[in-house]
Amino acid sequence: MKFSTRVEYGMIALTDIALHSESGSSVSAPDIAERQGISQKYLEQIMTHLKQAGIIRAQKGLRGGYTLARPADRIRMSEILNALDNSILEETESRGDSGSLRDAVNVCLWQKMNRSMIDFAENKTFSEFLAECREQLSDEWDFYVI
């Protein structure tokens with residue numbers, strides 16, 4: 001499955017914020033952009049979507065930056081995905097050509113895959129996602145040899 005760069009970079013940036021703000025400090029856009037290799041200008045556009053959705057909070061000033069607007073266990077993955085691209089979790093609809101092969105494929109494949117993705121995103125918290133990311137990152141370090 002392929003997602004837009006806005007969704008991909010948004011997830012990366014949000015995860016970066018969550019991991020780097022655990023001590024309560026905010027995370028600046030330039031720091032995220034540098035660490036993750038994302039254009040700062042594009043990142044700011046993405047952050048606007050996440051701010052408008054109430055997922056992150058922006059702090060201005062010398063030590064300004066971004067933090068999660070609420071605890072990660074109170075943010076659903078569906079909220080994040082919808083904030084970044086509201087068409088990802090849209091229900092697929094039948095085209096009205098009932099009985100056609102196209103309709104059968106839509107019902108038997110695309111609607112079921114879409115429903116699975118919606119269920120996954122609605123039932124997965126950002127906190128659970130972060131735990132899996134931390135585990136993945138620690139697994140990567142287990143194989144690092146000097």
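Keep in mind it's a predicted model, so treat the numbers as computed, not measured.

1. Thoughts on the overall build of the protein
Scanning the protein from terminus to terminus reveals six helices and two strands. Burial analysis of the protein (146 residues in total) assigns 34% to the buried set. When the accessible area of the protein is evaluated, it comes to approximately 9500 Å², of which 51% is carbon and sulfur surface.

2. Describing the confidence of the model for the protein
For the protein, per-residue confidence averages 90 on the pLDDT scale, and residues scoring 70 or more make up 90% of the total. Element-level pLDDT for the protein is lowest in helix 6 (residues 126-142), with a mean of 84, against a maximum mean of 97 in helix 3 (residues 40-52).

3. Examining the environment of Glu 128
Along the chain, Glu 128 falls in helix 6. For the pair Glu 128 and Met 77, spaced 51 residues apart in sequence, the C-alpha to C-alpha distance is 9.5 Å. Within the local environment of Glu 128, its side chain forms a polar contact with the backbone nitrogen of Thr 125, the two atoms lying 2.9 Å apart.

4. Concerning the pattern of salt bridges
It is possible for side chains of opposite charge to pair when their charged atoms get near one another. Scanning all chains against the criterion turns up five salt bridges. Between Asp 16 and Arg 35 there is a salt bridge; the shortest N-O distance is 2.7 Å. Here Asp 16 is found in helix 1 (residues 5-20), whereas its partner Arg 35 is found in helix 2 (residues 29-36), with 19 residues between them in sequence. Looking at Asp 16, the relative accessible area reads 3%, which means it is buried.

What counts and how
- Residues numbered from 1 in each chain as written.
- Predicted model: local features only at pLDDT ≥ 70, side-chain atom pairs only at ≥ 80, totals over all residues.
- Heavy atoms only, no water.
- Helix = DSSP H or I, 4+ residues; strand = E, 2+ residues; numbered from the N terminus.
- Buried < 20%, exposed > 50% of the residue type's maximum accessible area, 1.4 Å probe, protein only.
- Areas by Shrake-Rupley, 256 points an atom, 1.4 Å probe, with all protein chains shown as cover.
- pLDDT = per-residue confidence, 0-100.
- Polar contact = N/O pair within 3.5 Å; in protein donor to acceptor, adjacent residues only side chain to side chain.
- Salt bridge = Lys/Arg side-chain N within 4 Å of Asp/Glu carboxyl O.

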